[in-house]
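Tertiary structure, described
Take a look at the letters that make up each chain.
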There are 2 protein chains.
Amino acid sequence: MSEVYAVRRTRLRECCNAGGSAAALVSRPANVRYLAGTAPEGAVLLLGRTEDLLVCAGPPDDRSPRSHPDESLRVHVVPGIGGDAALAAADLAVGQGVDSLAVEEHHLTVTRHRAIHDAAPRLRLAGIGCAVEQLRVVKDEEEISCLRIGAEITDQALGELLESILVGRTERHLALELERRLVDHGADGPAFPTSVATGPNAGRPGHRPTDRRVEEGDFLSVCLGATYRGYRCEIGRTFVIGTAPADWQIELYDLVFSAQRAGRESLVPGAACRDVDRAARHVLDSAGYAEALPKLTGHGVGLEIDEDPQLTPAAMGKLDACVPVTVEPGVHLPGRGGVRIDDTLVVRPEADGGPELLTITTKELLAL
Amino acid sequence: MSEVYAVRRTRLRECCNAGGSAAALVSRPANVRYLAGTAPEGAVLLLGRTEDLLVCAGPPDDRSPRSHPDESLRVHVVPGIGGDAALAAADLAVGQGVDSLAVEEHHLTVTRHRAIHDAAPRLRLAGIGCAVEQLRVVKDEEEISCLRIGAEITDQALGELLESILVGRTERHLALELERRLVDHGADGPAFPTSVATGPNAGRPGHRPTDRRVEEGDFLSVCLGATYRGYRCEIGRTFVIGTAPADWQIELYDLVFSAQRAGRESLVPGAACRDVDRAARHVLDSAGYAEALPKLTGHGVGLEIDEDPQLTPAAMGKLDACVPVTVEPGVHLPGRGGVRIDDTLVVRPEADGGPELLTITTKELLAL
């Protein structure tokens, strides 16, 4: 297993060397985990000239998310109480004869960057940009399998909720129950705060659950996901409460469903990210909902819930095979509520059957 | 209510002016909320030369924590999809004739700092250090009242759990149930991930709940807290499962209890933070547990769960009245488990009755 991490570090080392730095300091926790298999709190990874080191601020405790720690990587614990791993790593780099260290300028604060400079003034600090984030975009089958299991857990949790009585319960309670069920079925925890939105709240992106109770005739939209071995997936569904949806509800639902399907169907290797966004957005746009549209139609998922690529009108870049993304268009009508349908899928070539749908809960409009 | 925020901003403005900057850009979310009453995602606060502005990256949604939004503050929404509030704020500062802008260098990344510089190259960027964090240390009675209500909610949730059957349940389930109860009783949510630790895990600081089940004879330690109107408190207790604690359990419990009491009793206005730490630490130290000691004995709480002051051996500074802190010594014996006792208290002068204990759940050693 630990070979995977060594291979990832070799790829990053090549990026750094190409940029003129013999060594790199990785500080963003998800990036540390990607390259080391574990990311204890406050730890950084030194990709050194002679040796790679996981530099930990204190004795490892079990706050740290752990998948498969990399036994080939030496762990250096900074002595004393509350040591600073980044400063210690800069020092270790100097000890290895490094003169230029690439750092994650998009993660280090100005204050910490300056402290590293002050601690090792002869060390030239360069940037590695989002090199690790870029490596993380295309997943291997092991990573996809974690996402797939996470999606199964998520489908199970949602399925069980749908079988229970919903009317009269609050958004907060439903959200907490979903999170409990995720953990019941083996998730590390929720991938992000579970959103349950009823009535006028339904369809709002990122709605935080309130004390509003589910009522007959409501739209009910939920968005949740499990973290499994560090990997985070996402599903969103909208339902109607009661026996018969109103005409406007059916109409709006069908529209968002069409938009979401258009987005899903455009997920092919080589497709421009903005074209996927446009495919979904165009459906809503031409039905007159241009104003109500969210910023994005979807995004990558993995060790973080919001990764590259971004499916937005301004996105650059193309999709590759083995990139997991969400497709999640929605419409929210102020005062009335709305619809949101969200899946996690993996981009796959046509020859392999096209996009792999990880979240398989039905997208029929269920009346609950 | 909004006067409070205006007064806070005036105090910050005085700090900035003293540092030679006519304006400040506040980006750390808890600091934005402290000064504006609300902190929509991605929003920053511009403390301008002619006018203060809450600069939001997009239309306000309800992801944002909200207490009492400040109606006296003008809200500027950055147009377009996914706009950058910090860049827009720098631009607005230039428009106000500002030539030196103080920024939060401990929060801004190197990349964002550079982007601000590139967007407004004539603007001199200075640092305001942790000026807002320092203003936040001493709380007003309104803030303390939020903490007090949060502590009541926390005590209730914990009290209910103690009345239920615990043997055979997993750490994860107990943690989720506690979090559900916090929300039931009116919390915004948990103040931090609830920790439930049984048997050999008991007493570990920051233990993440596992699937281990509660067994007869176990130590059971829990650490939880409610967020109420943005304010976060913390309680930690250790119990014994079964009818009679073993001798070593009673001994260890009494020791940690003495250490925690020593810490609490040293909370007086004017006390050095390191002396509070030493009071608690000394009790454990002289009983031979020097190795097993945690990094800190306690810390401030408020809009964040871990604020200044820090109660550590190296801490500088003294306690003021109306500063809420935790006192949370513990001992963990690898393989055996341990004890942790944690309260949230407000420093008060002797004349007002001494430290105000917010978390009032009993600290007797209960056998459950």
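In this text the structure is predicted, and so the values were computed from the model without any measurement. (Residues numbered from 1 in each chain as written. Chains lettered and ligands numbered in written order. Predicted model: local features only at pLDDT ≥ 70, side-chain atom pairs only at ≥ 80, totals over all residues. Heavy atoms only, no water.)

1. Focus: the overall build of chain A
- From N to C terminus, chain A includes 9 helices and 19 strands.
- Computed over C-alpha atoms, the radius of gyration of chain A comes to 23 Å, within 12% of the 21 Å expected from 2.2 N^0.38 for 368 residues, which places it in the range of a compact globule.
- Across its three principal directions, the C-alpha atoms of chain A cover 70 × 40 × 35 Å.
- Scored against the burial criterion, the 368 residues of chain A give a buried share of 56%.
- Within chain A, contacts between residues at least 6 apart in sequence are counted, and of these 67% link residues at least 24 apart.
- Looking at chain A as shown, the accessible area adds up to about 14800 Å², and 52% of this sits on carbon and sulfur atoms.
- Between the averaged position of the 39 positive side-chain charges in chain A and that of its 54 negative side-chain charges there is a distance of 4 Å. (Helix = DSSP H or I, 4+ residues; strand = E, 2+ residues; numbered from the N terminus. Rg over C-alpha atoms; globule rule 2.2 N^0.38 Å. Buried < 20%, exposed > 50% of the residue type's maximum accessible area, 1.4 Å probe, protein only. Contact = heavy atoms within 4.5 Å. Areas by Shrake-Rupley, 256 points an atom, 1.4 Å probe, with all protein chains shown as cover. Lys, Arg positive; Asp, Glu negative; His and termini not counted. Charge placed at Lys NZ, Arg CZ, Asp CG, Glu CD.)

2. Here we look at the relation of the copies chain B and chain A
- The transformation that overlays chain B on chain A combines an axial shift of 0.0 Å with a rotation of 180 degrees, and the residual RMSD is 0.0 Å. Given the turn and translation reported, the copies of this chain are related as if by a two-fold rotation axis. Measuring from the rotation axis to each C-alpha of chain B, the shortest distance belongs to threonine 109 of chain B, at 1.9 Å.
- Most of the interface of chain B is mirrored in chain A: 100% of its interface residues are interface residues there too. (Least-squares fit on C-alpha atoms with pLDDT ≥ 70 in both.)

3. Some details on the pattern of salt bridges
All names here are of chain A.
- Summed over the entire model, instances satisfying the criterion amount to 56 salt bridges over all chains.
- Residue aspartate 84 pairs with arginine 112 through a salt bridge whose shortest N-O separation is 2.9 Å. With aspartate 84 in the loop between strand 4 (74-77) and helix 3 (85-95) and arginine 112 in helix 4 (residues 110-119), the pair connects residues that are 28 residues apart, well separated along the chain.
- Residue classification places aspartate 84 among the partly exposed residues on the basis of a relative accessible area of 28%. (Salt bridge = Lys/Arg side-chain N within 4 Å of Asp/Glu carboxyl O.)

4. What to know about the side chain of histidine 207 of chain A
- On the secondary structure map, histidine 207 of chain A appears in the loop between strand 8 (195-198) and strand 9 (219-224).
- Here the side chain of histidine 207 of chain A touches glutamate 171 of chain A through a polar contact of 2.8 Å, side chain to side chain. (Polar contact = N/O pair within 3.5 Å; in protein donor to acceptor, adjacent residues only side chain to side chain.)

5. As for the sheet that holds strand 1 (residues 23-26) of chain A
Residue and element names in this part refer to chain A.
- Across the sheet, 6 strands lie side by side as 4-3-2-1-5-6; this open sheet has mixed pairing. Only two strands of the sheet have a single neighbouring strand rather than two, namely strand 4 and strand 6 (124-127). Each strand axis lies, on average, 25 degrees off the axis of its neighbour in the sheet, ignoring direction.
- The pairing of strand 1 with strand 2 (residues 44-47) spans 3 bridges and is antiparallel. Bridging across to strand 2, alanine 24 finds its partner in leucine 47. (Pairing = 2+ DSSP bridges. Axes fitted to C-alpha atoms, helices over the stretch in contact; angles between N-to-C directions.)

6. A short note on the sheet that holds strand 11 (residues 231-232) of chain B
All names here are of chain B.
- Read from one edge of the open sheet, 3 strands run 7-10-11, paired in antiparallel fashion. With partners counted over all chains shown, the strands left at the sheet margins are strand 7 (189-190) and strand 11, one partner each.
- Sitting on the sheet, helix 6 (residues 141-162) touches strand 10 (226-228) and strand 11, and the angle it makes with strand 10 is about 140 degrees.

7. Some thoughts on the pairing of strand 1 (residues 23-26) of chain B
Residues and elements named next belong to chain B.
- By the alternation rule, side chains of strand 1 split into Ala23 and Leu25 and Ala24 and Val26, which are all buried.
- Pairing of strand 1 with strand 5 (residues 100-103), which is carried by 3 bridges, proceeds in the parallel orientation. Paired with alanine 23 across the bridge in strand 5 is leucine 101.

8. Some remarks on the packing of aromatic side chains
All names here are of chain A.
- For the coordinates displayed, the defined rule picks out 2 aromatic pairs over all chains.
- Consider the rings of phenylalanine 219 and tryptophan 248, whose centres lie 5.5 Å apart with planes at 80 degrees: the pair is edge-to-face. Remark: tryptophan 248 occurs in helix 8 (residues 247-265) and phenylalanine 219 occurs in strand 9; sequence separation between them is 29 residues.
- Relative accessible area serves as the criterion here: at 1%, phenylalanine 219 is assigned to the buried category.
- Among the residues examined, tryptophan 248 registers a relative accessible area of 28% and is labelled partly exposed.
- In this structure, arginine 336 packs its charged tip against the face of tryptophan 248, placed 4.3 Å from the ring centre. (Phe/Tyr/Trp six-rings, centres within 6.5 Å; stacked < 30°, edge-to-face > 60°. Lys NZ or Arg CZ within 6 Å of the ring centre and 35° of its normal.)

9. Overview of unusual backbone geometry
- Residue proline 309 of chain A follows aspartate 308 of chain A across a cis peptide bond; omega there is -5 degrees.
- Here the phi dihedral of arginine 229 of chain A falls at roughly 45 degrees; this positive angle occurs in a residue that is not glycine.
- Of note, cysteine 322 of chain B is a non-glycine position whose phi angle comes to about 70 degrees, a positive value.
- Relative to the helices and strands, cysteine 322 of chain B is located in the loop between strand 14 (307-311) and strand 15 (324-327).
- Using a relative accessible area of 18% as the deciding quantity, one classes cysteine 322 of chain B as buried.

10. What about the interface of chain B and chain A?
- Between chain B and chain A, the residue contacts involve 31 residues of the former and 31 residues of the latter.
- Both sides together, the interface formed by chain B and chain A hides about 2800 Å², and carbon and sulfur atoms give 55% of it.
- Taken together, chain B and chain A are joined by 2 salt bridges.
- Between arginine 114 of chain B and glutamate 105 of chain A there is a salt bridge; the shortest N-O distance is 2.9 Å.
- Inspection of the chain B/chain A interface yields 16 residue pairs in polar contact (both at pLDDT 80 or more). (Buried area = accessible area lost by both parts, 1.4 Å probe.)

11. Thoughts on the domain arrangement of chain A
Residues and elements named next belong to chain A.
- According to the domain assignment, chain A contains domain 1 (2-136) and domain 2 (138-357).
- A separation of 34 Å is found between the C-alpha centroids of domain 1 and domain 2.
- Across the contact, 11 residues belong to domain 1 and 12 residues belong to domain 2.
- Summing the contributions of domain 1 and of domain 2, the shared interface buries around 870 Å²; its carbon and sulfur component is 36%.
- Counting across the domain 1 and domain 2 interface gives 5 salt bridges.
- Where arginine 136 meets glutamate 304, a salt bridge forms, and the shortest distance between an N and an O atom there is 2.9 Å.
- The tally of links between domain 1 and domain 2 comes to 6 residue pairs in polar contact (both at pLDDT 80 or more).
- Of all the secondary structure elements, the ones that give two or more residues to the side of domain 1 that touches domain 2 are helix 1 (2-18), helix 2 (29-36) and helix 5 (131-137).
- When its residues are assigned to classes, the side of domain 1 that touches domain 2 shows 4 nonpolar, 3 polar and 4 charged. (Domains from an automatic or database assignment. Nonpolar A, V, L, I, M, F, W, Y, C, P; charged D, E, K, R; others polar.)

12. Some points on the state of the cysteines
Residues and elements named next belong to chain A.
- The final tally for this structure, using the stated rule, is 0 disulfides over all chains.
- As a non-bridged cysteine, cysteine 130 has cysteine 15 as the owner of its nearest cysteine sulfur, 12 Å distant.
- Cysteine 322 takes part in no disulfide bond, and the closest cysteine sulfur to it belongs to cysteine 146, at a distance of 14 Å. (Disulfide = S-S within 2.5 Å.)

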